[in-house]
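Here are the chains, one letter per residue:
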Amino acid sequence: MGAPSPPVTRYAPSPTGPLHLGHVAHMLYVWGLARRFGARILLRIEDHDSGRCRPEYEAGAVEDLDWLGFHYDNVLHHPSPYRQSDSAAAYYEALEKLSRAGLVYRCDCSRKRIAETAPLGPGGERRYSGFCRDRQVPADRPHGLRVRLEPGEERFVDGFLGPQSQDPESQCGDLLIRDRAEDWTYQFAVVVDDLRHGVDLIVRGEDLLPSTGRQIRLARLLGRPDPPRFFHHPLIVDERGMKLSKKTAAGPLADERKRGRSPQEILGEAAFRVGLAPTAAPLELDAALALVELSRADAR
Ligand SMILES: [Zn+2]
């Protein structure tokens with residue numbers, strides 16, 4: 001008997017824009033919790049959205065990680081199983097598995113039709129009604145693919161937020177796994193990737209909490225009986241309480257670097273603004289990660 005293998009986590013940016021301070025806060029949680037649990041860290045490029053992703057943003061993310069001192073345990077080749085745009089075979093294989101179980105159907109609903117037929121639910125989400133479940137939408141018409149979900153709760157214990165319960169069927173209805181532009185959806189690609197990469201420690205922003213149950217369900221349908229361990233962390237917000245983003249004037253890290261700011265200044269500011277540190281004083285990476293190791297996770 002060998003020693004048990006260490007947990008595996010991932011940092012998975014979408015190359016749709018340059019990284020900013022909000023991403024640094026997320027990195028602190030990923031690397032801090034990885035250190036706490038002795039986990040391996042994979043860098044995964046989530047470029048499933050072919051219309052919005054750019055290779056230069058992937059290169060920029062790698063450069064930013066390097067500059068800040070965040071190391072990871074895999075290497076990104078071309079092509080790579082850690083890049084979604086290189087991984088179509090894995091998604092087709094998962095699709096096959098769901099199809100063989102009779103769970104997949106074609107849906108040609110436009111966003112407009114769904115907006116007109118589905119009321120906004122709690123959390124501002126529209127629940128798909130199942131309109132195309134039995135319509136046998138012809139394959140030669142532009143269509144997306146959905147997975148049938150049965151009603152029922154998915155329960156998990158979040159490492160920061162405690163016990164959670166979600167019913168994906170009542171939240172979003174049958175789950176879209178590929179859209180009409182033939183792009184795999186975020187939810188599907190992420191679940192397939194976490195399964196095939198052996199990821200069992202998932203660190204995400206709190207804004208993503210409502211979609212965790214559907215990822216657990218989808219993984220269950222693909223053959224993962226027990227959910228991975230989840231930690232949902234706070235986000236950096238602006239003065240109006242909005243998540244930091246390009247739209248809320250978060251400057252690219254590359255610009256901060258050109259302005260002569262040091263990695264320690266950026267780490268200190270990220271730790272302060274996400275509530276880990278009492279001041280924005282510069283921090284060495286080790287010290288910043290120690291703040292996460294000692295954060296609320298210890299209470300559970
Ligand atoms: Zn439909």
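Heads up: the structure comes first, above all this text.
This write-up is about the structure you can find in this document. Every value quoted in this text rests on a predicted model; they were computed, and no experiment measured them.

Parameters and conventions
Residues numbered from 1 in each chain as written. Predicted model: local features only at pLDDT ≥ 70, side-chain atom pairs only at ≥ 80, totals over all residues. Heavy atoms only, no water. Donors = N, O, S within 2.8 Å, 3.2 Å for Na, K, Ca; no water. Buried < 20%, exposed > 50% of the residue type's maximum accessible area, 1.4 Å probe, protein only. 1 Å grid on protein atoms, 1.4 Å probe; cavity = no way out; pocket = protein on both sides within 12 Å on 5 of 7 lines; lining within 4 Å. Points joined across faces, edges and corners; volume = space filled by probe spheres on them. Helix = DSSP H or I, 4+ residues; strand = E, 2+ residues; numbered from the N terminus. Pairing = 2+ DSSP bridges. Axes fitted to C-alpha atoms, helices over the stretch in contact; angles between N-to-C directions. Disulfide = S-S within 2.5 Å. Nonpolar A, V, L, I, M, F, W, Y, C, P; charged D, E, K, R; others polar. Expected span 1.5 Å × (residues − 1). Phe/Tyr/Trp six-rings, centres within 6.5 Å; stacked < 30°, edge-to-face > 60°. Lys NZ or Arg CZ within 6 Å of the ring centre and 35° of its normal.

Right, let's get into the coordination of the zinc ion. Looking at the zinc ion, the protein donor atoms are Cys107 (SG), Cys109 (SG), Tyr128 (OH) and Cys132 (SG), and they sit 2.1 to 2.3 Å from it. Written as a sequence motif, the donor arrangement for the zinc ion is C-x1-C-x18-Y-x3-C. Cys109 shares its class with Cys107; the two are buried.

Over the atoms rolls a probe the size of a water molecule, and its path tells where empty space is left. Space inside the second largest pocket adds up to approximately 250 Å³. Surrounding the second largest pocket, 17 residues form its lining, Asp47, His48, Ser50, Gln84 and Ser85 being those nearest its centre. Elements that contribute at least two residues to the lining of the second largest pocket include exactly helix 2 (55–68) and helix 3 (88–100).

The strand order across the open sheet formed by three strands is 3-4-7, and the pairing between neighbours is antiparallel. Either end of the sheet is taken by a strand with one partner, and the two such strands are strand 3 (104–107) and strand 7 (175–178). Within the sheet, the average angular offset between the axes of one strand and its neighbour, ignoring direction, is 40°. As paired strands, strand 4 (residues 144–147) and strand 7 are joined by three bridges and run antiparallel to one another. Bridging from a neighbouring strand, Leu145 pairs with Arg178 of strand 7.

The full count for this structure, using the stated rule, is zero disulfides. For Cys172, which is in no disulfide, the shortest distance to another cysteine sulfur is to Cys107 and amounts to 13 Å.

Across all of its chains, the model carries two cavities of 30 Å³ or more by this definition. A volume near 70 Å³ is recorded for the largest cavity. Lining the largest cavity are Val190, Val191, Asp194, Ile202, Gln215, Ile216, Ala219, Arg224, Pro228 and Phe230. Breaking the lining of the largest cavity down by element, the ones donating at least two residues are helix 6 (186–196) and helix 7 (212–221). Here the residues of the lining of the largest cavity sort into seven nonpolar, one polar and two charged. As a volume, the second largest cavity reaches approximately 30 Å³. Along its surface, the second largest cavity is lined by Cys109, Arg113, Ile114, Thr117, Tyr128, Ser129 and Phe131.

Compared with the 24 Å implied by 1.5 Å per residue over 17 residues, the 25 Å span of helix 1 (residues 21–37) between its first and last C-alpha is a close match. Buried residues dominate helix 1, accounting for twelve of its 17 residues. Within the span of helix 1, buried status applies to Leu21, Val24, Ala25, His26, Met27, Leu28, Tyr29, Val30, Trp31, Gly32, Leu33 and Ala34. Once helix 1 ends, the next one or two residues include Gly38, with phi positive near 65°.

Taken as a whole and assessed by the stated rule, the structure comprises ten aromatic pairs. Ring centres 5.8 Å apart and planes at 50° place the aromatic pair Tyr91 and Trp184 in the tilted group. With Tyr91 in helix 3 and Trp184 in the loop between strand 7 and helix 6, the pair connects residues that are 93 residues apart, well separated along the chain. As far as burial versus exposure is concerned, Tyr91 and Trp184 are alike and both buried. Put simply, the rings of Tyr29, Phe37, Phe160 and Phe231 pair up and form one aromatic cluster. The lysine or arginine in question, Arg146, covers the ring of Tyr128, its NZ or CZ lying 3.6 Å from the ring centre.

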